[in-house]
Amino acid sequence: MSSDVPFSTNQPQSLGDLTNVSISTSVSNGQEIRFNSSTSVFENVTPHAVFDSTTKSVSLGSSMDTTAVSECVAIGDEALLSAASGAEDNVAIGDDALKSLTTGQDCVAIGSDSLESLTTTGKSTAIGRKALSTSVGSDNTVLGCDAGRNIASGDEN
């Protein structure tokens, strides 16, 4: 082993003997430090799977801040990405599902881009790719690919 590299990237190693370790990048709440073997650099990343027992929220493959929401599930790239305090009891499954939702409650979006534009209203259910993707209304329910895609502001559809 080279004296420049404290461990091998070819097999698991213990970092217990390292001293004077400094991390120069800022790490946000909920992020992890991981070693990128392609660049040989440690990077701060958002974990791909997070369960927050305090908020009872789950994030898989999403960047949802599990500490800011309550009882939410996000599965897929950027699912529930913008969710903030006040977002409660939401389920987003699919890339960009409920992506813009900040404080809405009681929504279910299953399918890529479903309920993507919804921000603060709630109680809508969209199942299907791009279902209700442009809607900002509340209490809407649609089923099927592109279902309700052109409903931009209506309620109770």
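Rules used throughout
- Residues numbered from 1 in each chain as written.
- Predicted model: local features only at pLDDT ≥ 70, side-chain atom pairs only at ≥ 80, totals over all residues.
- Heavy atoms only, no water.
- Helix = DSSP H or I, 4+ residues; strand = E, 2+ residues; numbered from the N terminus.
- Buried < 20%, exposed > 50% of the residue type's maximum accessible area, 1.4 Å probe, protein only.
- Contact = heavy atoms within 4.5 Å.
- Patch = residues over 30% accessible without salt bridge, like charges linked within 9 Å, V, L, I, M, F, W, Y side chains within 5 Å.
- Areas by Shrake-Rupley, 256 points an atom, 1.4 Å probe, with all protein chains shown as cover.
- Salt bridge = Lys/Arg side-chain N within 4 Å of Asp/Glu carboxyl O.
- Pairing = 2+ DSSP bridges.
- Core = buried A, V, L, I, M, F, W, Y, C linked by side-chain atoms within 4.5 Å.
- Polar contact = N/O pair within 3.5 Å; in protein donor to acceptor, adjacent residues only side chain to side chain.

A. Just the overall build of the protein, in detail. Across its full length, the protein holds zero helices and nine strands. Listing every helix and strand of the protein by position from the N terminus yields β-β-β-β-β-β-β-β-β. Counting across all 157 residues of the protein, residues that qualify as buried make up 30%. Long-range pairs, those at least 24 residues apart, make up 1% of the contacts in the protein with a sequence separation of at least 6.

B. Looking closely at a nonpolar patch on the surface. Taken together, the side chains of L60, I75, I93, I110, I127 and L143 make up a nonpolar region of the molecular surface, amounting to roughly 470 Å² of accessible area. Inspection of the secondary structure puts L60 in strand β4 (residues 57-60). Judged by its relative accessible area of 38%, L60 falls in the partly exposed class.

C. Region of interest: the pairing of strand β2 (residues 41-45). The sheet contact formed by strand β1 (residues 32-36) and β2 spans five bridges and is antiparallel. By the bridge assignment, N36 is partnered in β2 with V41. Connecting β1 to the antiparallel partner β2 that follows it, the hairpin turn spans four residues, and S40 within it adopts a positive phi of roughly 60°.

D. Fine view of the pattern of salt bridges. Taken as a whole and judged by the stated rule, the model has four salt bridges. Two residues, K130 and D113, come together in a salt bridge whose shortest N-O distance is 3.3 Å. Highlighted residues: K130 in the loop between β8 (125-127) and β9 (141-143) and D113 in the loop between β7 (108-110) and β8, separated in sequence by 17 residues. A single burial state applies to K130 and to D113, both of which are buried. Counted as one network, the salt bridges with shared partners bring together E78, D96 and K99.

E. Seen up close, the nonpolar core. Among the nonpolar cores identified, the biggest contains 21 residues, and M64, L80, L98 and L115 are the most heavily contacted of them. Those residues in contact with L80, other than ones at most four positions away along the chain, are M64, C72, V73, A74, N90, A92, A97, L98, K99 and L101.

F. Expanded view of the side chain of N90. Relative to the assigned elements, N90 resides in the loop between β5 (73-75) and β6 (91-93). In this structure N90 comes out as buried when scored by relative accessible area, which is 0%. One polar contact links the side chain of N90 to the main-chain carbonyl oxygen of G104, over a distance of 2.9 Å. Side-chain polar atoms of N90 contact the backbone nitrogen of D106, separated by 3.3 Å. Ignoring any residue separated from it by four or fewer positions in sequence, one finds N90 in contact with E71, C72, V73, L80, L98, L101, G104, Q105, D106 and C107.

G. Representation of the environment of T119. For T119, the location among the structural elements is in the loop between β7 and β8. Measuring from C-alpha to C-alpha, the distance between T119 and G137 comes to 9.1 Å, with 18 residues separating the pair along the chain. If we skip the residues at most four places from it in the chain, T119 touches S100, L101, T102, T103 and G104.

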